[in-house]
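Notes for the structure review
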Amino acid sequence: DLKIVILFGLEPELGQTESPLKKEDLLNIYIDELLVLNLARGQINISQEEIDQEIGQTRARLGSQLFEAKCQSLGIEADHLIPYIENKLLFERIVNARLSQKVPISLQELEDYYNHTYVPEIRAKDQPVPEMVNVLTEIEDKLQAIKAREQLSQWLQELRQKARIIINHDCLEKVELKEEK
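One structure accompanies this document, and this report is about it. Computed from a predicted structure; not experimentally measured. (Residues numbered from 1 in each chain as written. Predicted model: local features only at pLDDT ≥ 70, side-chain atom pairs only at ≥ 80, totals over all residues. Heavy atoms only, no water.)

**Considerations on the packing of helix 2 (residues 23-40) against helix 7 (residues 136-162)**
As a packed pair, helix 2 and helix 7 sit with axes 10 Å apart at the nearest point and diverge in direction by 80°. Between helix 2 and helix 7, the angle is such that the two are roughly perpendicular. Contacts between helix 2 and helix 7 pair Asn28, Ile31, Asp32, Leu35, Val36 and Leu39 from the former with Trp155, Leu156, Leu159 and Arg160 from the latter. Looking at side-chain class alone, the contact of helix 2 with helix 7 contains 7 nonpolar, 1 polar and 2 charged residues. (Axes fitted to C-alpha atoms, helices over the stretch in contact; angles between N-to-C directions. Helix = DSSP H or I, 4+ residues; strand = E, 2+ residues; numbered from the N terminus. Parallel < 35°, antiparallel > 145°, perpendicular 65-115°, else oblique. Contact = heavy atoms within 4.5 Å. Nonpolar A, V, L, I, M, F, W, Y, C, P; charged D, E, K, R; others polar.)

Below you can see the structure in the form of structure tokens.
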């Protein structure tokens, strides 16, 4: 499963933080995806049209020849990707629903971020520092995103603590990353 996810770049977009990702990072992203999916399976449906569209986008991103070559190297047809595509889309929909909930941001948090993060970043770029009132929405959006990611990380950690995760390291060693070829 991990090899298919890696070969076709089917890790959820929310999991793509640094590039290139290490095998252990991809494994952890995939474990998080499976945990979330097991929790919410059956509550959300993905249409065949959405799956077909995502397969088309994957084919376009890789190029038709490379896409077919990867399928052949694994001895699979494009239809075999459907469960992986469905999992990716389900995971992203579930996580986006959790991230879309607004988290309260205090005035003190806004001021602290402005003074300790925003202003130093702007000064480092040798740009004029705007008044806080002019960038309030931008700062609030950044803080919302940071808090949402923290909540997501905490939620995923709680799911991991409740789950029984077994990793077959012998199989994992056989999985190659894109860059290892």
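**A word on the layout of surface pockets**
Volume-wise, the second largest pocket comes out at about 310 Å³. Taken together, 18 residues line the second largest pocket, and the ones lying closest to its centre are Leu27, Tyr30, Ile166, Ile167 and Asn168. Elements represented by at least two residues in the lining of the second largest pocket include exactly helix 1 (2-7), helix 2 and helix 8 (169-174). A per-element tally of the lining of the second largest pocket places helix 2 first, with 6 residues. Grouping the constituent residues of the lining of the second largest pocket by class yields 13 nonpolar, 2 polar and 3 charged. (1 Å grid on protein atoms, 1.4 Å probe; cavity = no way out; pocket = protein on both sides within 12 Å on 5 of 7 lines; lining within 4 Å. Points joined across faces, edges and corners; volume = space filled by probe spheres on them.)

**Remarks on the environment of Asp32**
Note on placement: Asp32 falls in helix 2. When the C-alpha atoms of Asp32 and Leu81 are compared, they prove to be 19 Å apart, with 49 residues separating the residues in sequence. In this structure, Asp32 is in contact with Phe91, Leu156 and Arg160, ignoring residues within four places of it in sequence. Among the polar contacts made by the side chain of Asp32, one reaches the side chain of Arg160 at a distance of 2.8 Å. (Polar contact = N/O pair within 3.5 Å; in protein donor to acceptor, adjacent residues only side chain to side chain.)

**Details of the packing of helix 2 against helix 5 (residues 82-99)**
Contact geometry of helix 2 with helix 5 gives a least axis separation of 9 Å together with a crossing angle of 80°. In this view, helix 2 runs roughly perpendicular relative to helix 5, as classed from their interaxial angle. Counting all contacts with helix 2, which are made through Tyr30, Asp32, Glu33, Val36, Leu37 and Ala40, the residues of helix 5 involved are Tyr84, Asn87, Lys88, Leu90, Phe91 and Ile94. Taken together, the residues that form the contact of helix 2 with helix 5 break down as 8 nonpolar, 1 polar and 3 charged.

**Considering helix 7**
Over its 27 residues, helix 7 extends 39 Å from the first C-alpha to the last, a length consistent with the 39 Å expected when each residue adds 1.5 Å. Where helix 7 is concerned, the buried positions are Ile139, Leu143, Gln144, Ala148, Leu152, Trp155, Leu156, Leu159 and Arg160. In the core, the buried residues of helix 7 are packed alongside helix 2, helix 5 and helix 6 (107-124). (Expected span 1.5 Å × (residues − 1). Buried < 20%, exposed > 50% of the residue type's maximum accessible area, 1.4 Å probe, protein only.)

**As for the nonpolar core**
Of all hydrophobic cores here, the largest spans 36 residues; its most connected members are Phe8, Leu10, Phe67 and Leu81. When contributions to this core are tallied by element, the ones reaching two or more residues are helix 1, helix 2, helix 3 (48-62), helix 4 (64-74), helix 5 and helix 7. For this core, the element with the highest residue contribution is helix 2, accounting for 8 residues. Those residues within four positions of Phe8 in sequence are excluded, and the remaining contacts are Thr58, Arg61, Leu62, Phe67, Lys70, Cys71, Leu74, Ile76 and Leu81. With 11 residues, the next largest nonpolar core counts Ile105, Tyr114, Val135 and Leu143 among its residues. (Core = buried A, V, L, I, M, F, W, Y, C linked by side-chain atoms within 4.5 Å.)

**Remarks on the pattern of salt bridges**
Per the stated rule, a full pass over the model turns up 7 salt bridges. With its nearest N and O atoms 2.7 Å apart, the salt bridge here joins Lys147 to Glu109. Here the residue Lys147 occupies a position in helix 7, and Glu109 occupies one in helix 6, the gap between them amounting to 38 residues. For Lys142, the salt bridge identified is with Glu138, shortest N-O distance 3.7 Å. Remark: Glu138 and Lys142 occur in helix 7; sequence separation between them is 4 residues, near one turn of the helix. The class of Glu138 is partly exposed, set by a relative accessible area of 36%. One continuous salt-bridge network, built from bridges that share partners, spans Glu54, Lys88 and Glu92. (Salt bridge = Lys/Arg side-chain N within 4 Å of Asp/Glu carboxyl O.)

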